[in-house]
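# Structural description and commentary
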Amino acid sequence: MLYREAGDFKTTYASDNQTFPIRFDRYGYYLVLAVAFLVVPMFINDYWANSIVVPFLIYAIAALGLNILIGYCGQLSLGTGAFMAVGAYACYKLMVGMPGLNIVFVILLAGLVTAAVGVLFGLPSLRIKGFYLAVATLAAQFFLIWLFTRTPWFFNYSPTGMISAPTRSIFGYPVTGPSASSVTVYLVCLTFVVALAWLARNLTRGTLGRRWMAIRDMDIAAEIIGVNPLMAKLSAFAVSSFLVGVSGALFFSVYLGAAEAGEAFGIDKSFLVLFMVIIGGLGSILGSFLGAAFLVVGPVLLKLLLVNQFGWSTDLAAHLEIMIVGALILVFLILEPHGLAALWRTIKDKLRLWPFPH
Amino acid sequence: MPDTLLFAMEAALNGLTAGIMYALVALGFVLIFKASGIFNFSQGVMALFAALTLVGFQNGQIPFAHLINAVLGTRIHYFGWNMPTLLAIPATVAVMILFAWLVERIVLKHLVNQEPIILFMATIGLAYFLEGLGDLMWGAEVKRLDVGIPQGMSGAVDDLTFGWFGYGFYLDTLDLYALGIAAVLVTVLVLFSQFTKEGRALRAVADDHQAALSVGISLRFIWVLTWSIAGIVALVAGIMWGAKSGVQFSLSLIALKALPVLILGGFTSIPGAIVGGLIIGVGEKLFDFFMQPFIGGATENWFAYMLALAFLLFRPQGLFGEKIIERV
Amino acid sequence: MLDTQDDGYMTADGRKIGGVAMEMKNITLRFGGVVAIKDISFDIRWGEIRAIIGPNGAGKSSMLNVISGFYHPQEGDVFYKGFKRPRMRPYQVAQQGIARTFQNIALFEGMSVLDNIMTGRLNHMNAGFLKQALWWGPAAREEEENRAKVEKVIDFLEIQHIRKTPVARLPYGLKKRVELARALAAEPEILLLDEPMAGMNVEEKEDMCRFVLDVNDEFGTTIVLIEHDMGVVMDLSDRVVVMDYGKKIGDGTPDEVRNNQEVINAYLGVAHD
């Protein structure tokens, strides 16, 4: 009976337009934020941070980025892995090249570099659509990874071909490098996630978001009513790549610590993030989070169950996992093309009317 | 004749054989795209799966042996007999037809009239599923595939080119067979689509779904048919590649290169798939041969995609495709 | 003939029609070997309701596509507000104050009715990228101001009840109305309507006629309309262009067109002997 909109009259367009028009949702959101910032840091340990929470936060940023491109602007990309690599390598070069620069700015700059590269590879989208574009982004995927593994300048001529993050701190707390504690890493990632999700929400609900969605739903009609397709598509590529780049930079600097392009950012990453977006829900900010959570937590649970509980070999569990993920993609596309976010909406709609559904 | 040119020619010749491989996978794509408008990302994994199944049958492996062992605690792996190749191939074909039927039943039927991009993503899901299934059924280790095609350096080619240039080209006999088999396959497909009732129905569906439905062609039958044919084409591709470099996961990555091939050749053209495959196969070998000293090796990883990308910017409809006039 | 001096003319019901807004001069449009429009010239005047009629395949929609910049004619020019229009992308034409609806509804199916109509306002909204990202000052204010304008259009077309419904769920007649709303939200100077009444029942047609007349009357919008229903065309429009096989075979008031022998032949057929 708490979940109500009756009696909650909107008297301005601003309040009708807000992100959480239902009061209960709004308070729920504040509660989640409060718990995430105040309660979780008290309990988080290395295992939880490394295997679930931090990867979830970082992938959520990448999924958010890809969702803007696919879910909002309708441009399919299979190059997410490579764009994450651009973020990671830009982050590395900036960390090493400018040791005095605060890590937060380094990560944001890495995002901007990725945005520029994304726009470059987004240019073909003006002439080609759908899976043609997917192939163009595959070109980005394979070319960039080849570039990063073959050009010693990118990994500062290190003999292993790996890049590794030196120690950098915020307010005296180390964030990267071996001495970083899981609490600081968690808080940094969380702050990035909250800020970027807020930006993404603002962009998608305003004019820019409408331009993207118009292009997605019917590009010809969009152009005829006055959407400049060049600007719409390239801005989507830029924003999307920025987010993916930030996610790549975080993935390398605060999570992995050391990385090699082909291994950490191969085409599997592209598919993983794509699957997060599909399962979570195309064209939904919340969906990006749900999808990332699902595909981060799911495999961990499956492994816990099969390997630790039943004593299966890890190989076997991995094969089963691939199969289940593939099957889930099919199930979602067939039954609920808008993913977990749509399921959540349906539940909320039911809840709003409960217990008198007529 | 200068040595560099000779080496380049040899590289091109070897590229040609890789090209046939790409062309075979691309052929499977084209068949399905023409009949159902679906861009079947899983074509490459289908080749892998078909090859795995063939090896499994030949060696008398028990399907899902690892899974059964893990669940029941048994230690079974083999039935203890070897199936002759001539029996194993029809058995694999039957599996691929069953697979086609299941795909139609479980997936395609529910995705009719969805946007192409959704269908495309569905086939990515299908590819993952099939990959996991293949590994689970037959195990993930690299397997040797032998269907009795002779392998090793072709003496005839060596002698012939030595006579011409004073330098013998290295060419695998297997590749020569691949060329012949690919030619036969394409001929059979063309004859089938031109001279049989099913072939005519297939072309009708490719032309216009609605019209084909209205004259009483069963769309669902046609889909099962095309996916079956694509499965058989995948099996041929799987055999060729598997015999050459073993049946392993990298096969499905090779198959990804069929995508740029299709961009070059156009999505609906069978000759386009063949020509596109050969261009990419030769192009990447030559590019790598000439550019290696300057930018380093392994350019085959991306050359095909970059070529396709450049091509897209100038001729988005492909070599043999028709220009589309957009309407509102 | 009407007296069409440059200062306009008076209609039968006493409305004052202005000077030439847009002029088509010798437009020829080809697709490969097919000639869709053959050497057609006509003008559109401020404030009038101008109809283009003709049998199927006459080239009417192609003509509308030329006006909205989607097709570029091989020969001939479009003059707008007295100046020759250079080759433009469709969105640039839209920014010049020309809005349109489509024969086969072209709404954005994944968006709500409100968002669809808001897209009509895109050319009036120009808050910068960063301001939008931070939802700060001008961006938020602009959103509200334009929302208020859109709400007026929603009131005008009587679609308040479906404001937040996803477009994909609407019936055909309402979709047509939402599409008109999107075009109106752009506050166009010239409104192009491609078969706005196609596939509607009598009641829906009457509603749509009323809206078209009201738009012309209240906002003074110039309207170019393609329609098959002769009754509707003759009632609504001030002047009519008749096309057949890509050629213009008649141009004038509904009465003039009705009595034009060539038009009668095109519509009723002609005896070959």
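What you see is a predicted model; the values in this text were computed from it and never measured.

The rules behind these values
Residues numbered from 1 in each chain as written. Chains lettered and ligands numbered in written order. Predicted model: local features only at pLDDT ≥ 70, side-chain atom pairs only at ≥ 80, totals over all residues. Helix = DSSP H or I, 4+ residues; strand = E, 2+ residues; numbered from the N terminus. Rg over C-alpha atoms; globule rule 2.2 N^0.38 Å. Buried ≥ 20, exposed ≤ 12 C-beta atoms within 10 Å, placed from the backbone. Contact = placed C-beta atoms within 7 Å. Pairing = 2+ DSSP bridges. Right-handed = clockwise from strand over helix to strand, strands pointing away. Nonpolar A, V, L, I, M, F, W, Y, C, P; charged D, E, K, R; others polar. Expected span 1.5 Å × (residues − 1). Axes fitted to C-alpha atoms, helices over the stretch in contact; angles between N-to-C directions. Parallel < 35°, antiparallel > 145°, perpendicular 65-115°, else oblique. Left-handed = near helix turned anticlockwise from the far one by under 90°. pLDDT = per-residue confidence, 0-100.

## Structural notes on the overall build of chain B
In terms of regular secondary structure, chain B is built from 14 helices and zero strands. Taking 20 Å as the expected radius of gyration for a compact globule of 328 residues, we find that chain B reaches 21 Å, a close match to that expectation. Along the first, second and third principal axes, the C-alpha set of chain B runs to 65 × 60 × 40 Å. Residue burial in chain B is summarised as follows: out of 328 residues, 47% are buried. Once local pairs closer than 6 in sequence are excluded, the contacts in chain B between residues at least 24 apart make up 73%.

## Comments concerning the pairing of strand β10 (residues 222-226) of chain C
Residue and element names in this part refer to chain C. By the criterion of burial, β10 is predominantly enclosed, with five of the five residues buried. Two elements, strand β5 (residues 49-53) and β10, share four bridges in a ladder whose sense is parallel. Its bridge partner lying in β10, Arg50 is registered against Val224. Pairing of strand β9 (residues 190-194) with β10, which is carried by five bridges, proceeds in the parallel orientation. In the sheet register, Leu193 faces β10, and the bridge partner there is Leu225. As for the winding sense of the linkage, the β-α-β connection from β9 through helix α7 (residues 202-219) to β10 is right-handed.

## Here's the deal with the interface of chain A and chain B
The interface is formed by 35 residues belonging to chain A together with 41 residues belonging to chain B. Of all the elements in the fold, those that place two or more residues in the side of chain A that touches chain B are α6 (130-150), α9 (219-224), α12 (267-280) and α14 (314-335) of chain A. For the side of chain A that touches chain B, the element with the most residues is α14 of chain A, which contributes 13 residues. Among the residues forming the side of chain A that touches chain B, the class breakdown is 29 nonpolar, three polar and three charged.

## Brief notes about α12 of chain A
All names here are of chain A. Here α12 is 14 residues long and its end C-alpha atoms lie 20 Å apart, about the 20 Å a rise of 1.5 Å per residue gives. Where burial is concerned, most of α12 is hidden: twelve out of the 14 residues are buried. The complete set of buried residues in α12 reads Lys269, Ser270, Phe271, Leu272, Val273, Leu274, Phe275, Met276, Val277, Ile278, Ile279 and Gly280. Just downstream of α12, Gly281 is the residue with a positive phi angle, here 135°.

## Observations concerning the pairing of strand β12 (residues 247-252) of chain C
Residue and element names in this part refer to chain C. Inspection of the sheet shows strand β11 (residues 239-244) paired to β12 by five bridges, in the antiparallel sense. From the neighbouring strand, Met243 faces β12, where its bridge partner is Lys248. What sits between β11 and β12 in their antiparallel hairpin is a turn of two residues, with Tyr245 showing a positive phi close to 45°.

## Let's talk about the packing of helix α4 (residues 80-97) of chain A against helix α5 (residues 103-122) of chain A
Residues and elements named next belong to chain A. Between α4 and α5, the shortest axis-to-axis distance is 8 Å and the interhelical angle comes to 135°. With respect to their mutual orientation, α4 and α5 come out oblique. As α4 runs across α5, the sense of the crossing is right-handed. For the pair α4 and α5, contact is made by Phe83, Val86, Gly87, Ala90, Cys91, Leu94 and Met95 and by Val106, Ile107, Leu109, Ala110, Gly111, Val113, Thr114, Val117 and Gly118, respectively. For the contact of α4 with α5, the class distribution of residues is twelve nonpolar, four polar and no charged.

## Quick word on the environment of Ser241 of chain A
Residue and element names in this part refer to chain A. Along the chain, Ser241 falls in helix α10 (residues 229-256). Taking C-alpha positions, Ser241 is 7.9 Å from Val117, a pair spaced 124 residues apart along the chain. Among residues more than four places away in sequence, those in contact with Ser241 are Gly65, Phe83, Thr114, Ala115, Val117 and Gly118.

## Some words on the packing of helix α7 (residues 173-195) of chain B against helix α10 (residues 219-245) of chain B
Residue and element names in this part refer to chain B. The interhelical angle for the contact between α7 and α10, taken along N-to-C directions, is 175°, at an axis separation of 11 Å. With respect to their mutual orientation, α7 and α10 come out roughly antiparallel. Taking contact as the criterion, the partners of Leu174, Ala178, Ile181 and Leu185 in α7 are, on α10, Val233, Val236, Met240, Ala243 and Lys244. In terms of residue class, the contact of α7 with α10 is made up of eight nonpolar, no polar and one charged.

## Considerations on the sheet that holds β10 of chain C
All names here are of chain C. Taken together, six strands build an open sheet; the order of strands is β8-β9-β10-β5-β11-β12 and the sheet is mixed. The open sheet terminates on both sides in strands that have one partner only, identified here as β8 (98-100) and β12. Strand-to-strand twist across the sheet, computed as the mean angle between neighbouring axes with direction ignored, equals 15°.

## Notes on the sheet that holds strand β4 (residues 34-45) of chain C
Residue and element names in this part refer to chain C. Strand order in the open sheet made by the four strands is β4-β3-β6-β7, with antiparallel pairing throughout. Bordering the open sheet on either side are β4 and β7 (83-84), each of which pairs with just one other strand. Of the pairings in the sheet, the one linking strand β3 (residues 20-31) to strand β6 (residues 75-80) comprises five bridges and is antiparallel in character. Note on β6: the bridge partner recorded for Thr28 is Glu75.

## Overview of the environment of Asp43 of chain C
All names here are of chain C. Relative to the assigned elements, Asp43 resides in strand β4. The spacing of Asp43 and Gly137 is 94 residues in sequence and 44 Å in space, taken between C-alpha atoms. Residues within four places of Asp43 in sequence aside, it is in contact with Val20, Met22 and Glu23.

## Overview of the confidence of the model for chain B
Residue and element names in this part refer to chain B. Averaged over chain B, the pLDDT score is 84; the fraction of residues at 70 or greater is 95%. Taken element by element, chain B is modelled with least confidence in helix α11 (residues 250-256), mean pLDDT 73, and with most confidence in helix α4 (residues 85-107), mean pLDDT 92. The ipTM for the predicted assembly is 0.89, set against a pTM of 0.91.

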